[in-house]
Amino acid sequence: MNTEILGSLPLVVIWLALGAIGIVIQAFIKRDSSVVYGYYMATLAVTGILAATTLWSRGTAFNNMITLGGAAAFFDILFCIAGILAMLASKPYMQRMKAGFDEFYTIMVGSIAGMMLMAHAQNMLVMFIGLELMSVSFYVLAGFMRTSNRSVEASLKYFLLGAFASGFLVYGIALIYGATGSLQYGDIFTVVLGGTSQYPLLLAIGSVLLIVGLSFKIAAFPFHQWVPDVYEGAPTIVTSFMSTAGKAAAFSAILPAFTALMPMVKTAALTPQLQLTLAIVSAVTMLVGNITAVVQKSVKRMLAFSSVAHAGYLLMGVVAGTADGHDAIMFYLTAYTFMQLGAFVVVSMLETNDETSLTFDAYAGLSKRNPPLAAAMAIFMFSLAGIPPLAGFFGKYLLFIAAIDAGFTWLTIVAVASSVISVWFYLGLVVKMYFQDAEHSAVQPPSGTSAVTVAVCTTATVVLGILPTLITNLLASW
Amino acid sequence: MRMGVTALLLTLFAPLIGAAAVLFIGRNQERAIRVVTLLFSLCTLGISALLLPEFNSASHQMQFVVDVPWIAALDTGFRIGLDGTNLLMVLLTTFIMPIALLAGWKGITQRVKEFNVLMLMLQFAMTGVFVALDTFLFYVFWELILIPMALIIGIWGGTERIYASVKFFIYTLVGSLLMLIAIIWLGFAAEAQGIGFTADLLKLRSVAPNIPSNIQFWLFLAFALSFFIKVPLFPVHTWLPDAHTQAPTAGSVVLASLLLKLGAYGLIRFNLELFPQTSVALAGALSVLAVVGIIYGALVAMVQTDMKRLIAYSSVSHMGFVVLGIFSLTVEGVQGAVIQMVNHGITTGALFICIGVLYERRHTREIADYGGVTSVMPRFAVLFTIAMFGSIGLPGLNGFVGEYLTLLGSFRSPFLNNWAYAIAATSGVIFAACYLLWLFKRLMYGKNNNPANHHLRDLTRLEYWQLVPLTIVMIWIGMAPRTVMSYAEQSVRNVVQNIENITFTRTAHNQP
């Protein structure tokens, strides 16, 4: 009982803070004050710390619909850190873009509450509720710069396609329920493991629909087409948050769901087919993401496509399906959150109202204009490309190990090939920043607290690369 | 022994500490930055010299071994140590680096701070590759080299620097990512042999020969491709002329003298030690590639009009000898390869510095722009001559020893069992004389017709400091090669004996 209360504290706190107090505060205070900002910062910090205290406890709550501690707590911390970092960077950015309204933070914390529910879910419907809360928040955030056509377009596109994907997801859940008679992961696992489902075809179709719905959320091929336009049109900070924490949340839902649907035993008839399907999705996703990124002129769009490719890498761990594979995903998501978020924040710091500020050419000579920022961006790029000793490399290494161990050497070779392709544009940006001189000296807006985010992300990218045991030991201790 | 370990750790980490120290010096104090960097690299040289008396050259065992766990779950650790082969490579690195820094003393005028930090980082990474006794650690250092080197070429290089830098980066990365798969696969193959997933090179060395030969074959190829690109072996050498030509003099020296050695060292440390059977099986095919590289590099060098490109292609040819020696799988051949690696590092470094001397005065690398330089730069001519003859392989200078031994090895190799390799490769020595003597004639002899060349200044004190130490070592190795070779002898003998034992027992089994 005790663990049940303590373990669910992070969830309870963030929901209460959001629903009961946050919105009330907002109604009664002056607009654009920093009270709301500070309040939500504190909320995220407290939630993160509470989650950290539950890392080693285990249990379930709310009639087994919620799992406590362990991986879920790990994801909670990751979401809170990503949220804090994004909020730090968002303040100067949103003010500069003349969209610095307090609602931004409320909606953002709302999306985090949804993500945490996804990570804790032990039940398909709970997962779906969390997913919808996150998604709806993202639809609003993507269109937050409501005077910008691109932002509104991004929001609408995201909403229409997202609603469509949700439809697939619910349909898949319904079919799985029909086939197994339960929405609980545990019960589904038992049925799949025993092969006792009376409607194996429904189970198969349901699983595939689930893959479709979740592929949309992680931006995997062929459901990634919304990514470039939405990521490019949305405010950069929102993109940074969506593409990292949002992806991590989708994976936090995928891991338990596929543990249930795809047990690694011989009796589970569907496992090899699902593995193969996911492996093909993974391979095509990384190739398509990286190849398309090569031809991009805008850094923001390049990062959007690269985030597609990283979904492909991450899927390797799902394909492997082993505990090692899942640990690798969690490490990679941590590393990815820091490097991708950092990279987008650097983009946001250089962004002006002028569209050309997003192009590769705008980065020419950055190493002379702003050496620390250029160095940070270079570290993010090398880490995304998977060059040691940075965090991104170690994540890839763990994923490769998991995939090879599971017998998917061909997938690893595809991953290696696409990593080589990716070097072209990651290095391309470094080349611009370091080897070329600016044609005209661009005015760089003041950085404010964004610099803190970049500093933290850079440090984390380097430290996690040199001391990956900080995370891996934690993951291994469960 | 204790002192040796300390000296080894300091040799590895002093450059890194130096890089951190330089970061704290103000951007404008260029002289201070240069002096501090040089001091650090000289200190490293001094410390690494302390390794020599501590090293027991009568043993083939790894010495000064440090083993600190890093990622226990994957049995990866900070494992370093020295045997004869990598001892020489480490000393070569610490010896060349101060000279390379001096070569950039005048040539690098922009972003001095970044340059010096990157050079020290590069030294740290290269030393790390040489001393690593852990596959994962090796890979980390191997890739760590890429970033500083690509930046050095790309920021301070010539007009085509960006193309050269990106080509270098992608070429090397293709190879090394395949190596990464091989490293993981090797770990699992070791697990199948019952020692658990590991990255410990010494453990791997004891079980790797038992891995089934079809898996060994692919592992061998994945490692070898990565190393061949670095060496570079024909036909994966095409990044090298661009990178060499575009890099600043200091960068060219590091590339030619040290970076190419990493590949050859990897071939000995991984391919020969881990996969003896596959090495024997593929020795013939790889020797053919080596011989083709020797002759092709020499022929292409002959028609170059750019002197830096000429030396770059001569590297392709000279490193062909190294590969030929390694895959002769004989004591003479492998020892010749090791000493040829040292020699090539020293002579080619000297040649690049000589070209840098001319380039700094005239800002052109076209051979046709020069002529009769001897009349205005007689002292330079002397040192250039010695370096050139060292590279050609004149007896009495260092180049001869290595080339002779590698040729002898491949001539007598029981595994190749064919004289044709050695005979064809010997033509490379003759071609080397052709292109280098012809280069010398066009640069240094004849009439000094070009008015721009009438008042070239002879060597400055700074340039003496670069060329004289190299020249001394050239003559020293040429006259007393044993003083250097004896360090590597036992390690090489051990590698070759392993290969012979395994091949021999296998043939014995097959006998009825």
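As the structure is a prediction and not an experimental result, all values here were calculated from the model.

Basis of the calculations
Residues numbered from 1 in each chain as written. Chains lettered and ligands numbered in written order. Predicted model: local features only at pLDDT ≥ 70, side-chain atom pairs only at ≥ 80, totals over all residues. Heavy atoms only, no water. Helix = DSSP H or I, 4+ residues; strand = E, 2+ residues; numbered from the N terminus. Rg over C-alpha atoms; globule rule 2.2 N^0.38 Å. Buried < 20%, exposed > 50% of the residue type's maximum accessible area, 1.4 Å probe, protein only. Contact = heavy atoms within 4.5 Å. Areas by Shrake-Rupley, 256 points an atom, 1.4 Å probe, with all protein chains shown as cover. Lys, Arg positive; Asp, Glu negative; His and termini not counted. Charge placed at Lys NZ, Arg CZ, Asp CG, Glu CD. Expected span 1.5 Å × (residues − 1). Polar contact = N/O pair within 3.5 Å; in protein donor to acceptor, adjacent residues only side chain to side chain. Buried area = accessible area lost by both parts, 1.4 Å probe. Salt bridge = Lys/Arg side-chain N within 4 Å of Asp/Glu carboxyl O. Nonpolar A, V, L, I, M, F, W, Y, C, P; charged D, E, K, R; others polar. 1 Å grid on protein atoms, 1.4 Å probe; cavity = no way out; pocket = protein on both sides within 12 Å on 5 of 7 lines; lining within 4 Å. Points joined across faces, edges and corners; volume = space filled by probe spheres on them.

1. What about the overall build of chain B?
Move 1: Of regular secondary structure, chain B possesses 20 helices and two strands.
Move 2: Relative to a compact globule of 512 residues, whose C-alpha radius of gyration would be 24 Å, chain B shows 22 Å and is just as compact.
Move 3: If one aligns the C-alpha atoms of chain B with their principal axes, the spans along those axes are about 75 × 55 × 40 Å.
Move 4: When the 512 residues of chain B are sorted by exposure, 65% land in the buried category.
Move 5: Put simply, 80% of the contacts in chain B that link residues at least 6 apart link residues at least 24 apart.
Move 6: Surface exposure of chain B reaches about 17,300 Å², of which carbon and sulfur atoms provide 65%.
Move 7: Positive and negative side-chain charges in chain B, numbering 30 and 23 respectively, have mean positions lying 8 Å apart.

2. Let's talk about helix α4 (residues 84-107) of chain B
Think of an α-helix as 3.6 residues a turn; residues three or four steps apart then line up on the same face.
All names here are of chain B.
Move 1: Here α4 is 24 residues long and its end C-alpha atoms lie 35 Å apart, about the 34 Å a rise of 1.5 Å per residue gives.
Move 2: By the criterion of burial, α4 is predominantly enclosed, with 22 of the 24 residues buried.
Move 3: Near the N-terminus of α4, the side chain that reaches the backbone nitrogen of T85, with its oxygen 3.2 Å away, is that of D83.

3. Overview of the interface of chain B and chain A
How big an interface is tends to be reported as the loss of accessible area on association of its parts.
Move 1: With 29 residues of chain B at the interface, the matching set in chain A holds 31 residues.
Move 2: Carbon and sulfur atoms supply 84% of the area that chain B and chain A bury against each other, a total of about 3,000 Å² over both sides.
Move 3: Among the residues of chain B in contact with chain A, R111(B), I181(B) and I184(B) are the three that bury the most area, contributing 17% of the side total.
Move 4: Linking chain B with chain A are zero salt bridges.
Move 5: If you look at where chain B meets chain A, you find four residue pairs in polar contact (both at pLDDT 80 or more).
Move 6: Of all elements in the fold, only β1 (63-71), α6 (135-144), α7 (146-156) and α8 (161-192) of chain B reach the threshold of two or more residues within the side of chain B that touches chain A.
Move 7: Considering each element in turn, the side of chain B that touches chain A owes the most residues, 14 residues, to α8(B).
Move 8: For the side of chain B that touches chain A, the residue count by class is 24 nonpolar, two polar and three charged.

4. What to know about unusual backbone geometry
Move 1: A cis amide bond links F221(A) to the next residue, P222(A), at an omega of 0°.
Move 2: Mapping P222(A) onto the fold places it in the loop between α8 (200-218) and α9 (226-233).
Move 3: A cis geometry characterises the amide bond from P388(A) onward to P389(A), with omega recorded as 5°.
Move 4: Relative to the helices and strands, P389(A) is located in the loop between α15 (371-385) and α16 (391-405).
Move 5: In this structure, D75(B) takes a positive phi of about 50° despite not being glycine.

5. Looking at the layout of surface pockets
Move 1: Roughly 1,400 Å³ of volume is contained in the largest pocket.
Move 2: Around the largest pocket, the lining is made up of 40 residues, and of these I379(A), L16(B), V117(B), M121(B) and L144(B) lie nearest the centre.
Move 3: Broken down by secondary-structure element, the contributors of at least two residues to the lining of the largest pocket are α15, α17 (409-435) and α18 (450-466) of chain A together with α1 (2-23), α5 (112-131), α6 and α7 of chain B.
Move 4: A class-by-class count of the residues in the lining of the largest pocket yields 33 nonpolar, three polar and four charged.
Move 5: The space that makes up the second largest pocket amounts to roughly 720 Å³.
Move 6: Around the second largest pocket, the lining comprises 30 residues; the ones closest to its centre are A71(A), L255(A), P256(A), T259(A) and H326(A).
Move 7: When residues of the lining of the second largest pocket are traced back to their parent elements, those giving at least two are β2 (66-68), α3 (70-96), α7 (185-194), α10 (236-261), α13 (323-350) and α19 (469-476) of chain A.
Move 8: Here the lining of the second largest pocket gets five residues from one element, more than from any other, and that element is α10(A).

6. Notes on empty space enclosed by the protein
Move 1: Applying the stated rule across the entire model yields eight cavities of 30 Å³ or more.
Move 2: Put simply, the largest cavity is a space of about 100 Å³.
Move 3: For the lining of the largest cavity, the elements supplying multiple residues, two or more each, are α4, α15 (331-362) and α19 (461-479) of chain B.
Move 4: Sort the elements by how many residues they give to the lining of the largest cavity and α15(B) lands first, with four residues.
Move 5: Considered class by class, the residues forming the lining of the largest cavity number five nonpolar, three polar and three charged.
Move 6: A volume near 60 Å³ is recorded for the second largest cavity.
Move 7: Taken together, M134(A), F138(A), Y158(A), K217(A), W226(A), Y231(A), M242(A), G246(A) and K247(A) form the lining of the second largest cavity.
Move 8: Contributions of two or more residues to the lining of the second largest cavity are made by α5 (124-142), α9 and α10 of chain A.
Move 9: A per-element tally of the lining of the second largest cavity places α10(A) first, with three residues.
Move 10: When the residues that make up the lining of the second largest cavity are grouped by side-chain class, the tally is six nonpolar, one polar and two charged.

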